Amino acid sequence: MSWESSLLIYFSGTGNTKMAAEVVAEATADELVDLGAKYKVGDFDLAVKQGDALGIAFPVYRWSTPRIVDEFFRKARFVTDDGNPYKPGYVYAIDIYGYFPGSEIAFLESIISKRFGFAFDVTFEIPSVANCIYVSNPPNPTKQAEENAREEAAARRVANQIANRELVREGRGTPLGRLLSKMTGTQSKLRSTKQFHVETDKCTSCGTCMRICPTNTISMHGGHPLWTGDNCTECLACIHRCPEGAMEYGFISKGRRRYVNPILKEGS
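Right, let's walk through the structure included here. Quick caveat, the model's predicted, so the values are computed rather than measured.

Attention shifts here to the pattern of salt bridges. With the rule as written, the count across this model stands at 13 salt bridges. A salt bridge links glutamate 152 to arginine 156, with the nearest nitrogen and oxygen atoms 2.7 Å apart. With glutamate 152 and arginine 156 both in helix H5 (residues 141–163), this residue pair falls 4 residues apart, about one helical turn. In this structure arginine 156 comes out as partly exposed when scored by relative accessible area, which is 39%. We note a salt bridge from lysine 254 to glutamate 199, for which the minimum N-O separation is 2.1 Å. One end of the pair, lysine 254, is in the segment after strand S11 (247–249); the other, glutamate 199, is in the loop between strand S8 (196–198) and helix H7 (208–212), with 55 residues separating them in the sequence. According to the relative accessible area criterion, glutamate 199 is buried, its value standing at 14%. Residues joined in a network through salt bridges with shared partners are Glu26, Glu152 and Arg156.

Okay, structure coming up:
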């Protein structure tokens, strides 16, 4: 195992958080760590050096953290260069929200503090494209482009603040968001997969959905995806990133736009 520089750990379903993380990493030279990719293969080790910075970037789901982010940090192990408990020099968190933020940063901070004994030095909130397809229809392409540009500009501002090691606490949410977080920021966050289904006449059996599912909730049966288990984090990547638009969430997603941040290639 080689010892790397400061880490920026991110989770992204449709690409918004990935885009913000890459903008930040470009300014800070932090090493990007794809939390979803590590979770998928059961790898929870993080190689760090004492005193290095640590960043965590994640999307807001239901005014809380994605379940996969909670579970990753409950299992994560910081492997230090000297074998002692990790003591980072500068810790920051960035949440990427589509509608409005709540208390999700505080929720994650409680997990981090309890497990590892340190808290966030700085926190940020960055607006992005709302794409929870069972809540609302994602915006049209023109609006998407405008909101992508707004997110990138905000990410560059945040990147400069992090690079300069500024000490700010932006991640406080809105009054309504904090109220909703009291109901959604629970420990289990079990997500039913009963609403997910595939339109078999559109499905080409490409396996993209199974390949990109970070929790291994999707498997292929008879050439088509099947959602099983209770580990789904409800990132909705399977719906938005299906090359054929064959995935649906009950009847509510029918006819609604799909959304993928331009940083992700279609079907990737």
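Looking at where arginine 191 falls in the secondary structure, it is placed in the loop between helix H6 (175–184) and S8. Despite being buried, arginine 191 has no salt bridge partner; glutamate 234 is the closest side chain of opposite charge, sitting 4.0 Å away. Every residue in contact with arginine 191, bar those within four places of it in the chain, is listed here: Arg62, Cys232, Thr233 and Glu234.

Considering all chains together, one arrives at 13 aromatic pairs under this definition. Measuring from centroid to centroid gives 5.7 Å for tyrosine 39 and phenylalanine 44, while their planes differ by 90°, and the two rings are edge-to-face. Each member of the pair, tyrosine 39 as well as phenylalanine 44, is classed as buried. Seen from their ring centres, phenylalanine 78 and phenylalanine 118 are 6.1 Å apart, and the 55° between their planes marks the pair as tilted. Here phenylalanine 118 lies in the loop between helix H4 (104–116) and strand S7 (122–127) and phenylalanine 78 lies in strand S5 (residues 77–80), a separation of 40 residues in the sequence. In this structure phenylalanine 78 comes out as buried when scored by relative accessible area, which is 11%. Among the residues examined, phenylalanine 118 registers a relative accessible area of 11% and is labelled buried.

Notably, arginine 62 is not glycine yet its phi reads approximately 55°, a positive angle. Along the chain, arginine 62 falls in the loop between strand S4 (53–59) and helix H3 (67–75). Taking relative accessible area as the criterion, arginine 62 reaches 34% and is therefore assigned partly exposed. In this structure, serine 205 takes a positive phi of about 60° despite not being glycine.

Note that aspartate 45 resides in strand S3 (residues 45–48). Taking relative accessible area as the criterion, aspartate 45 reaches 25% and is therefore assigned partly exposed. Here the alpha-carbon distance between aspartate 45 and alanine 246, two residues 201 residues apart in the chain, equals 35 Å. With near-sequence residues (within four places) excluded, aspartate 45 lies in contact with Lys38, Arg77 and Val79.

Turning to the pairing of S4, a few remarks are in order. Along a regular strand, successive side chains alternate from one face of the sheet to the other. Across the 7 residues that make up S4, a large majority, 7, are buried. Of the two faces of S4, both are covered, the one formed by Ala53, Gly55, Ala57 and Pro59 as well as the one formed by Leu54, Ile56 and Phe58. In this sheet, S4 lies alongside strand S1 (residues 7–10) in parallel orientation, the contact comprising 4 bridges. When the bridges of S4 are listed, tyrosine 10 appears paired with alanine 57. The pairing of S4 with strand S6 (residues 90–97) spans 7 bridges and is classified as parallel.

Across the sheet, 5 strands lie side by side as S2-S1-S4-S6-S7; this open sheet has parallel pairing. The open sheet has two edge strands, strand S2 (31–34) and S7, and neither has a second partner. The sheet shows a mean angle of 20° between the axes of neighbouring strands, direction not considered. Lying on the sheet, H5 is in contact with S6 and S7; it crosses S7 at an angle near 165°.

What counts and what doesn't
- Residues numbered from 1 in each chain as written.
- Predicted model: local features only at pLDDT ≥ 70, side-chain atom pairs only at ≥ 80, totals over all residues.
- Heavy atoms only, no water.
- Salt bridge = Lys/Arg side-chain N within 4 Å of Asp/Glu carboxyl O.
- Helix = DSSP H or I, 4+ residues; strand = E, 2+ residues; numbered from the N terminus.
- Buried < 20%, exposed > 50% of the residue type's maximum accessible area, 1.4 Å probe, protein only.
- Lys, Arg positive; Asp, Glu negative; His and termini not counted.
- Contact = heavy atoms within 4.5 Å.
- Phe/Tyr/Trp six-rings, centres within 6.5 Å; stacked < 30°, edge-to-face > 60°.
- Pairing = 2+ DSSP bridges.
- Axes fitted to C-alpha atoms, helices over the stretch in contact; angles between N-to-C directions.

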